[in-house]
Amino acid sequence: MSADEVVGRLSDGMTLGIGGWGSRRKPMALVRAILRSGLRDLTVVSYGGPDIGLLAAAGRIRHLVTAFVTLDSIPLEPHFRSARESGTLERLTEYDEGMLLLGLTAAAHRLPFLPTRAGLGSDVLRVNPELRTVVSPYPDGEELVAVPALRLDAALVHLNRADRQGNGQYLGPDPYMDDLFCAAADAAYLSCERLVDTADLQKEGSPGSVLVPRWSVTGVVEAPGGAHFTSCVPDYDRDEPFQRAYAQAAADPSAWPAFEQRFLSGDEQDYRAAVADLRAEATR
Amino acid sequence: MTTTTTGADLAVSRAEYCVIACAEAWRGDGEVLAAAMGTVPTLGARLAKLTFEPDLLITDGEARLAADVPALGAAPAAVEGALPYRKHLELVAMGHRHVMMGASQLDRHGNQNISAIGDWSRPSRQLLGMRGAPGNTVNNPTSYWIPRHSTRVFVPGQVDVVSGVGYGRLNGPTGRFHDLRRIVTDLAVLDFGGEGHAVRLLSVHPGVTVDQVIAATGFPLVLPGDIASTRDPSAEELRLIREVLDPRGARDREVRG
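Residues numbered from 1 in each chain as written. Chains lettered and ligands numbered in written order. Predicted model: local features only at pLDDT ≥ 70, side-chain atom pairs only at ≥ 80, totals over all residues.

Identification of chain B as CoA-transferase subunit beta from Streptacidiphilus cavernicola is taken from an unreviewed UniProt entry. A UniProt comment under Sequence similarities (unreviewed entry) is attached to chain B, and it reads "Belongs to the 3-oxoacid CoA-transferase subunit B family." (UniProt positions renumbered as here; feature names shortened; annotations may be inferred.)

Structure, rendered in structure tokens:
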């Protein structure tokens, strides 16, 4: 499939899960395809990075479910900040990181909720008044937060390698929660740096590195550089100069339109050409 | 750079006192993950592991458990395991972890805010978000690192958003793993050892007065009769900080003056 074909399968108002973590292995080519489309009113579940910044700045998110939004080497995401401070983000569900993991796990396990101690005593319960607690039915009687299942209409993830059947392989140090996002979703779309034959998956990693099983994947997109400017180790690290340029433009409403025009007004090929252009400028 | 002379000609910087104070937070912890956020806490955890707390587990700052103790920013020579985020979050629930987090606001009860300044529904300043603070504080011993001790951080009232849980908010068995240990700042070391877990001044770093700490704190502190000076590093500890762990001096960019 192409990234645009993936987005063609999505519709307004859907709940989307986006894999990766912060500014790490985000399915940015798919996010850019959403930006090119008219898709809107989304509920997005994400360990947030520039995916959230870009979608929020473009007004595509109605409801965000997250524990943070960060660019990692730049702690605060400027677009997310301004969306929150200007009140343009309609609804935020702000959880603890572990709660988000449990919500995805509950959905993947087809359970209504999973209990945790995380959140008790904190303002997670105040700012999310729909959250309920349960009391252990055993003699300890402990009260716990019942994290509701985060069932997704669709998941978007980016892996290092995949085969045409949808088996996705990570070659970096961290799988993040990508397999859970896929298993929690009715349809999962996986982009990868390189499509390979199934037999070749074992050339670069162990069977355990094949993180995402084909039964949980609906469509595969070959998207080299598809996580740019976030990291996709070992294929590439985060593009720090580009991220700095992004963050500077995102923090300055007068600079953002020019950045958007230069990098986000065309298709993925145009994007890659514009990035190469910026890199050449910097080394000139 | 504020310097103090110890022994021969060893001028110890404020940042180095902070590293020592952070290392001391993990003393006696044994085989737990020292989860350090920030440069000075990372150096403290690594110094503790190299000296008095060799069983500590540390990460390479990403998803690996380091078997040796690398310099800041360097890859470990040996790896003893993997700790991707998912495993790390499981470890939070399992215990065996003492975390040292930062705080944009911290109040007299030990509530920490890293989420937002102002009204949460329309913040005047959006911060990181809750991150792992709610889970950390109900599951693990927790300490705090404040590189700029001021009344902006140590607020007079309650924090605007409770990310990390302070004392008095958990009842019965829910609070059985809640354990706030220490607050290390660029001025002093504090704990929650006062009556009713009130914040108590344990030591001031050489060159800092008790009045300075009081003035930079938005709530009253418990002041023991005898307030110590933060202990000096040994010559060997100084060598480890300067030559082994942080030869590029990243500590001085986190703590100035």
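### Section: the overall build of chain A
When its secondary structure is counted, chain A shows 11 helices and 12 strands. The C-alpha radius of gyration of chain A comes to 19 Å, within 12% of the 19 Å expected for a compact globule of 284 residues. Each principal axis of the C-alpha atoms in chain A carries an extent, and together these give about 70 × 50 × 30 Å. By the burial criterion, 52% of the 284 residues in chain A qualify as buried. (Helix = DSSP H or I, 4+ residues; strand = E, 2+ residues; numbered from the N terminus. Rg over C-alpha atoms; globule rule 2.2 N^0.38 Å. Buried ≥ 20, exposed ≤ 12 C-beta atoms within 10 Å, placed from the backbone.)

### Considering the overall build of chain B
Broken down by element type, chain B carries seven helices and 16 strands. Against the 2.2 N^0.38 benchmark of 18 Å for 257 residues, chain B shows a C-alpha radius of gyration of 18 Å, consistent with a compact globule. Viewed in the frame of its principal axes, chain B has a C-alpha envelope of about 50 × 45 × 35 Å. Within chain B, the proportion of its 257 residues that are buried is 50%. If you take every contact in chain B between residues at least 6 apart in sequence, the share linking residues at least 24 apart comes to 65%. (Contact = placed C-beta atoms within 7 Å.)

### Overview of the sheet that holds strand β4 (residues 58–59) of chain B
Residue and element names in this part refer to chain B. Ordered in space as β4-β5-β6, the three strands form an open sheet in which the pairing is antiparallel. Of all the strands in the sheet, the pair left with one neighbour each is β4 and β6 (79–82). For β4 and strand β5 (residues 64–66), the ladder comprises two bridges, and the chain directions are antiparallel. Counted as the bridge partner of Thr59 is Leu65 from β5. (Pairing = 2+ DSSP bridges.)

### Digging into the interface of chain A and chain B
Contact with chain A, which involves 36 residues of that partner, is made by 34 residues of chain B. Sorting the residues of the side of chain A that touches chain B by element identifies α4 (78–85), α5 (97–108) and α6 (124–127) of chain A as the ones contributing at least two each. Counting residues per element, the side of chain A that touches chain B draws most heavily on α4 of chain A, at four residues.

### Some thoughts on the sheet that holds strand β6 (residues 132–135) of chain A
Residue and element names in this part refer to chain A. What the three strands build is an open sheet, ordered β5-β7-β6; its pairing is antiparallel. Taken across any chain shown, the strands that pair with only one partner, and hence form the sheet edges, are β5 (113–116) and β6. Mean inter-strand twist for the sheet, computed between neighbouring axes without regard to direction, equals 40 degrees. Inspection of the sheet shows β6 paired to strand β7 (residues 143–148) by four bridges, in the antiparallel sense. Bridge pairing in β7 places Val135 opposite Glu143. The strands touched by α5 within the sheet are β5 and β7, with β5 carrying the most contacts at an inclination of about 150 degrees. (Axes fitted to C-alpha atoms, helices over the stretch in contact; angles between N-to-C directions.)

### Things to note about unusual backbone geometry
The omega angle of the peptide bond from His228 of chain A to Phe229 of chain A is 10 degrees, so this bond is cis rather than trans. Tracing the backbone shows Phe229 of chain A in the loop between β12 (219–222) and α9 (240–250). That bond from Val233 of chain A to Pro234 of chain A is cis: its omega, 5 degrees, falls within 30 degrees of zero. Checked against the element boundaries, Pro234 of chain A lands in the loop between β12 and α9. With a phi close to 65 degrees, His197 of chain B is a non-glycine residue in the positive phi region. You can see His197 of chain B is positioned in the loop between β14 (188–191) and β15 (200–204).

### Things to note about the packing of helix α2 (residues 28–36) of chain A against helix α3 (residues 50–57) of chain A
Residues and elements named next belong to chain A. At a minimum axis separation of 10 Å, α2 and α3 run at an interaxial angle of 5 degrees. Taken together, α2 and α3 sit at an angle that is classed as roughly parallel. Within the contact between the two elements, α2 uses Met28, Val31, Ile34 and Leu35 and α3 uses Asp51, Leu54 and Leu55. Tallied by class, residues from the contact of α2 with α3 come to six nonpolar, no polar and one charged. (Parallel < 35°, antiparallel > 145°, perpendicular 65-115°, else oblique. Nonpolar A, V, L, I, M, F, W, Y, C, P; charged D, E, K, R; others polar.)

### So, the packing of helix α1 (residues 14–25) of chain B against helix α2 (residues 39–50) of chain B
Residues and elements named next belong to chain B. Where α1 contacts α2, the axes come no closer than 7 Å and their chain directions differ by 60 degrees. Looking at the two axes, α1 sits oblique to α2. The hand of the α1/α2 crossing is right-handed. Between α1 and α2, the residues in contact are Ala15, Cys18, Val19, Cys22, Ala23 and Ala25 and Val40, Pro41, Leu43, Gly44, Leu47 and Ala48, respectively. Grouping the amino acids of the contact of α1 with α2 by side-chain chemistry returns 11 nonpolar, one polar and no charged. (Left-handed = near helix turned anticlockwise from the far one by under 90°.)

### Some thoughts on the domain arrangement of chain A
Interface size is often expressed as the accessible area that is lost when the parts come together. Here chain A is described as being made up of domain 1 (3–95 + 150–283) and domain 2 (118–148). Between the C-alpha centres of domain 1 of chain A and domain 2 of chain A there is a distance of 31 Å. (Domains from an automatic or database assignment.)

### Considerations on the environment of Gly135 of chain B
By the secondary structure assignment, Gly135 of chain B is in helix α4 (residues 133–139). Taking the C-alpha atoms as reference, Gly135 of chain B lies 7.1 Å from Val92 of chain B; in sequence the two are 43 residues apart. Setting aside its immediate chain neighbours within four residues, Gly135 of chain B contacts Asp96, Glu97, Gly98 and Ala118 of chain A together with Val92 of chain B.

### Brief notes about the pairing of β14 of chain B
If a strand is regular, its side chains alternate between the two faces of the sheet. Residue and element names in this part refer to chain B. Of the two faces of β14, both are covered, the one formed by Ala188 and Leu190 as well as the one formed by Val189 and Asp191. Across three bridges, strand β13 (residues 179–185) lies against β14 in antiparallel orientation. Directly across from Val184, in β14, lies its bridge partner Val189. Count of turn residues in the β13/β14 antiparallel hairpin: two residues. In terms of strand pairing, β14 meets β15 through four bridges, oriented antiparallel. Bridge pairing in β15 places Val189 opposite Ser203.

### Remarks on the confidence of the model for chain A
Keep in mind that low pLDDT regions are not for reading the predicted coordinates in detail. Confidence in the prediction of chain A, expressed as mean pLDDT, is 98, and 100% of residues score 70 or more. The weakest mean pLDDT in chain A belongs to helix α11 (residues 268–283) of chain A at 95; the strongest belongs to strand β2 (residues 42–46) of chain A at 99. (pLDDT = per-residue confidence, 0-100.)

### Regarding α2 of chain A
Across the nine residues that make up α2 of chain A, a large majority, seven, are buried. Taken together, the buried positions of α2 of chain A are Met28, Ala29, Leu30, Val31, Arg32, Ala33 and Ile34 of chain A.

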